[in-house]
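Notes for the structure review
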Amino acid sequence: MVLDLPLQPIHRHVYEANLRNSNACHKRYKECSETISKGGGEKAIERHTRRNGKLLVRHRLRLLLDDEDFLELSPFAGLGLPYGDIPSAGCLTGIGRINGLWSVFIANDATVKGGTAYPITVKKQVRAQEIAIQNRLPCIYLVDSGGAFLPLQSEIFPDKNQGGRTFYNQAIMSALKIPQVSVVCGSCTAGGAYIPTMAEEAVMVHRVGTIFLGGPPLVKAATGEEVTPEDLGGARLHAEVSGCVDHFAWEEKEAYNYTRNIVSTLNFQLPEEEEDENRTSRRKAVEEPLCDSMELLGLAPKSYKYSLDVKMVVSRLADGSRFQEFKARYGTTLVTGFASIHGHLVGIVANNGELSYESTLKGSHFVQLCDQRDIPLLFLQNTAPTAAPTLSTAQAEVNSNRLKAQGSMMSAVAHASVPKITVVIGGCHGADSYAMCGRSFDPNFLFLWPNARVSLTAPGHVGSLLPPDSEQEDELNGILEEESSAFFSSSRLWDDGVILPQDTRKVLRTCLDIIHQQRYQLSTERLQSPLLRI
């Protein structure tokens with residue numbers, strides 16, 4: 001079925017209001033993008049490049065990756081936090097191609113606070129590792145770290161998903177035969193020193209990289225001995241004496257050539273060049289949606305009451321606007337069906353109103369169907385702003401049935417073993433968001449549109465959760481207005497990034513290509529233990 005759903009005059013008022021809001025959100029998006037592009041600021045950049053003789057992190061990525069067409073993850077993480085702005089959380093993470101192989105990269109930006117790790121830095125690194133594990137992607141670490149920010153050590157060191165989790169994940173990834181390569185292109189101090197020593201192969205740059213638990217100042221304070229960083233933990237020492245690194249590079253460019261050569265030896269059998277060319281030609285031949293993707297700006301709801309038919313969104317994402325709907329006449333507040341995005345078949349689950357008893361049962365059925373057929377799931381989330389009230393016995397019965405059905409859908413989503421991608425195109429509120437594969441239900445990727453709202457209940461609806469005439473209502477609505485924004489969410493890493501509506505189809509194509517790659521790994525059986533370095 002072709003969804004030929006152009007804008008109608010009846011939609012114009014809502015569309016224009018949404019478009020004005022999208023333009024305002026895009027302005028905020030550009031401001032955040034400009035902030036992170038400056039890294040730690042002009043002085044820090046000059047010190048990093050001129051005094052320390054190091055390359056900027058994006059220059060490093062240009063030398064490492066095949067091209068600059070990579071998927072950056074959570075670029076706005078670290079902005080507006082209680083302990084200040086930490087642009088990009090002090091490290092760039094993403095997924096790019098190295099010799100044609102999609103690989104996760106975790107690259108410290110030492111222009112931001114000298115490479116010091118803040119709580120948000122650790123969280124971002126751990127999330128990148130989780131993506132590598134979930135999608136079986138090689139992981140490349142570009143280490144230039146000054147260790148943990150000690151005043152916030154209680155938020156970095158002790159808990160399960162804090163600093164030590166990075167090293168636990170490295171061991172688990174090795175046991176799962178997920179390759180890891182580390183490039184020491186700066187300081188590896190304190191906890192940062194364990195990253196190259198736990199990677200399967202390590203490259204180190206002469207007179208730029210250092211590895212030690214405590215630097216020269218600590219040595220002098222403890223023993224009175226004066227020692228240079230190079231003698232204490234430089235590339236020569238670790239390549240010739242300690243054996244902590246496997247490859248010695250005279251300069252950074254050589255280090256990234258080594259890394260690309262290492263990646264070429266990984267046990268992946270990618271399609272031959274001829275097949276690759278055929279795939280490229282097929283991609284060019286893929287039918288574009290019938291309507292312009294720029295129209296998604298006016299379909300991104302300003303608030304729940306400004307939502308238009310979600311099939312209009314689907315028609316602007318699917319190849320040729322083709323959509324094979326499942327149970328079209330049942331539970332119509334949830335749209336389910338099959339479509340292709342750049343040639344990848346996906347099962348789409350999209351909110352089109354409040355999740356009712358019938359629509360939730362339909363969602364459970366469809367999720368299990370996709371799981372049985374090994375079809376990836378795409379959730380387009382725009383949930384109701386607040387839970388339905390219980391004002392009568394009849395309403396209580398309806399809500400009880402809905403609650404049971406929602407529990408079934410949550411179970412179906414949690415148990416589905418197929419890849420899952422969630423895009424929040426409007427609201428992400430309450431228990432409905434769990435059934436629609438919210439963050440806690442572990443999607444492979446979760447992105448927000450700039451207009452998205454993420455909170456327990458939407459701003460302006462907190463009264464439904466409070467006693468009548470509560471004095472807290474105005475205060476809580478003000479808090480929700482600030483804390484539910486997509487940028488507040490992304491700065492705290494509750495998602496994998498804010499994406500523009502018109503870029504959604506391209507981002508989904510990249511994610512599906514990445515997910516598809518794991519079938520090319522020749523050996524995926526688990527080992528009894530990780531590779532241990534000598």
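Small disclaimer: the values here were computed from a predicted structure and weren't measured.

**Brief notes about the packing of aromatic side chains**
Following the criterion strictly, the structure yields 12 aromatic pairs and no others. When the ring of Tyr-29 is compared with that of Phe-76, the centres are 5.3 Å apart and the planes differ by 75°; the resulting orientation is edge-to-face. Taken as a pair, Tyr-29 in helix H1 (residues 12–37) and Phe-76 in the loop between strand S1 (71–73) and strand S2 (91–98) lie far apart in primary sequence, 47 residues in all. Given a relative accessible area of 18%, Tyr-29 falls into the buried group. Classification of Phe-76 by relative accessible area gives buried; the value is 3%.

**Quick look at the nonpolar core**
Residues Ile-95, Val-104, Val-313, Ile-348, Leu-380 and Phe-445 are the most contacted members of the largest nonpolar core, which totals 64 residues. At 6 residues, helix H19 (residues 504–517) tops the list of elements feeding residues into this core. Leaving out residues up to four positions away in the same chain, Leu-380 has contacts with Val-313, Val-314, Leu-317, Ile-348, Val-349, Ala-350, Asn-351, Val-423, Ile-425 and Met-436. Grouped together as the second largest cluster of nonpolar side chains are 24 residues, Phe-105, Val-183, Ala-249 and Ala-255 included.

**Brief notes about empty space enclosed by the protein**
In this structure the tally under the stated criterion is 2 cavities of 30 Å³ or more. Empty space within the largest cavity amounts to approximately 50 Å³. In this structure, the largest cavity is lined by Ile-106, Asn-108, Gln-125, Tyr-141, Leu-142, Val-143, Thr-166 and Ile-195. Contributing elements (two or more residues each) for the lining of the largest cavity: strand S3 (101–108) and strand S4 (139–145). Of all the elements, S4 adds the most residues to the lining of the largest cavity, at 3 residues.

**Description of the pattern of salt bridges**
What the rule picks out here adds up to 19 salt bridges. Glu-226 serves as the salt-bridge partner of Lys-220, at 3.1 Å between the closest nitrogen and oxygen. Salt-bridge contacts for Arg-236 lead to Glu-240; the nearest nitrogen and oxygen are separated by 3.4 Å. Here the residue Arg-236 and the residue Glu-240 both occupy positions in helix H9 (residues 235–242), the gap between them amounting to 4 residues, near one helical turn. On the basis of relative accessible area, Glu-240 is assigned to the exposed category, the value being 57%. Members of the salt-bridge network, linked through shared partners, are Lys-54, Arg-60, Asp-144 and Glu-252.

**Quick notes on the state of the cysteines**
Evaluated as defined, the whole model comprises 0 disulfides. Cys-25 supplies the cysteine sulfur nearest to Cys-32, a cysteine that is in no disulfide, at a spacing of 11 Å. Cys-139 forms no disulfide, and the closest cysteine sulfur to it belongs to Cys-91, at a distance of 11 Å. Looking at Cys-139, the relative accessible area reads 0%, which means it is buried.

**Comments concerning unusual backbone geometry**
In this structure, Arg-136 is a non-glycine residue whose phi angle is positive, near 50°. Structurally, Arg-136 can be placed in the loop between helix H4 (119–135) and S4.

**Concerning the packing of helix H14 (residues 357–373) against helix H15 (residues 393–415)**
Contact geometry for H14 and H15: axes closest at 8 Å, N-to-C directions at 15°. As summarised for this structure, H14 and H15 are arranged roughly parallel, according to the angle between their axes. Here H14 runs over H15; the crossing is left-handed. From H14, Tyr-357, Thr-360, Leu-361, Gly-363, Ser-364, Val-367, Gln-368 and Asp-371 reach across to H15, where they touch Asn-401, Arg-402, Ala-405, Gln-406, Ser-408, Met-409, Ala-412, Val-413 and His-415. Among the residues forming the contact of H14 with H15, the class breakdown is 7 nonpolar, 8 polar and 2 charged.

**Examining helix H5 (residues 163–175)**
Looking at H5, one finds that the buried residues are Gly-163, Thr-166, Asn-169, Gln-170, Met-173, Ser-174 and Ala-175. The inward-facing, buried residues of H5 abut H4, S4, strand S5 (180–189) and helix H6 (194–198).

**Comments concerning the pairing of strand S6 (residues 201–205)**
Here S6 lies mainly inside the structure; 4 of its 5 residues are buried. Bridge count between S6 and strand S8 (residues 247–249): 3 bridges; the pairing is parallel. Residue Met-204 lies in a different strand from S8, and its bridge partner there is Phe-248.

Criteria and thresholds
Residues numbered from 1 in each chain as written. Predicted model: local features only at pLDDT ≥ 70, side-chain atom pairs only at ≥ 80, totals over all residues. Heavy atoms only, no water. Phe/Tyr/Trp six-rings, centres within 6.5 Å; stacked < 30°, edge-to-face > 60°. Helix = DSSP H or I, 4+ residues; strand = E, 2+ residues; numbered from the N terminus. Buried < 20%, exposed > 50% of the residue type's maximum accessible area, 1.4 Å probe, protein only. Core = buried A, V, L, I, M, F, W, Y, C linked by side-chain atoms within 4.5 Å. Contact = heavy atoms within 4.5 Å. 1 Å grid on protein atoms, 1.4 Å probe; cavity = no way out; pocket = protein on both sides within 12 Å on 5 of 7 lines; lining within 4 Å. Points joined across faces, edges and corners; volume = space filled by probe spheres on them. Salt bridge = Lys/Arg side-chain N within 4 Å of Asp/Glu carboxyl O. Disulfide = S-S within 2.5 Å. Axes fitted to C-alpha atoms, helices over the stretch in contact; angles between N-to-C directions. Parallel < 35°, antiparallel > 145°, perpendicular 65-115°, else oblique. Left-handed = near helix turned anticlockwise from the far one by under 90°. Nonpolar A, V, L, I, M, F, W, Y, C, P; charged D, E, K, R; others polar. Pairing = 2+ DSSP bridges.

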